[in-house]
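If you want the building blocks of each chain, they are given just below.
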Amino acid sequence: EEGTTIGGFGSAVLEELAHLAISQPRVLTIGIPDTFVTHGSIQQLFAELGMDASHLLLRIQDALDGDAAA
């Protein structure tokens, strides 16, 4: 999401899964961390935050590889 990880969409999904008593949900939350973000173009900031296409692909592949190992 193009928002913060704290209180963002991913947090809402995890909260609902917890409410439904689903243990160990597999949810990958990606968003802007709760830290100061410098100024720059959207492309620069996304790359810096690991939210550009290449970084997202790596994070998703890592998450899927971790699921395969489990």
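In what follows, the structure referred to is the one given above.
Note that the coordinates shown come from a computational prediction; the quantities given were computed from them, not determined experimentally. (Residues numbered from 1 in each chain as written. Predicted model: local features only at pLDDT ≥ 70, side-chain atom pairs only at ≥ 80, totals over all residues. Heavy atoms only, no water.)

Our focus in this paragraph is the overall build of the chain. Of regular secondary structure, the chain possesses three helices and zero strands. Walking the chain from its N terminus toward its C terminus, one meets helices and strands in the order α-α-α. Computed over its C-alpha atoms, the radius of gyration of the chain comes to 14 Å, more than 25% above the 11 Å expected for a compact globule of 70 residues. Out of the 70 residues belonging to the chain, those deemed buried represent 14%. For the chain, the exposed surface amounts to about 5,400 Å²; the carbon and sulfur share of it is 60%. (Helix = DSSP H or I, 4+ residues; strand = E, 2+ residues; numbered from the N terminus. Rg over C-alpha atoms; globule rule 2.2 N^0.38 Å. Buried < 20%, exposed > 50% of the residue type's maximum accessible area, 1.4 Å probe, protein only. Areas by Shrake-Rupley, 256 points an atom, 1.4 Å probe, with all protein chains shown as cover.)

Together, Leu 28, Ile 60 and Leu 64 give the surface a local cluster of nonpolar side chains, amounting to about 270 Å² of exposed area. The residue Ile 60 is located in helix H3 (residues 53–69) in this model. Take Ile 60: its relative accessible area is 41%, and that puts it in the partly exposed class. (Patch = residues over 30% accessible without salt bridge, like charges linked within 9 Å, V, L, I, M, F, W, Y side chains within 5 Å. Salt bridge = Lys/Arg side-chain N within 4 Å of Asp/Glu carboxyl O.)

So yeah, pure geometry; function would need other evidence.
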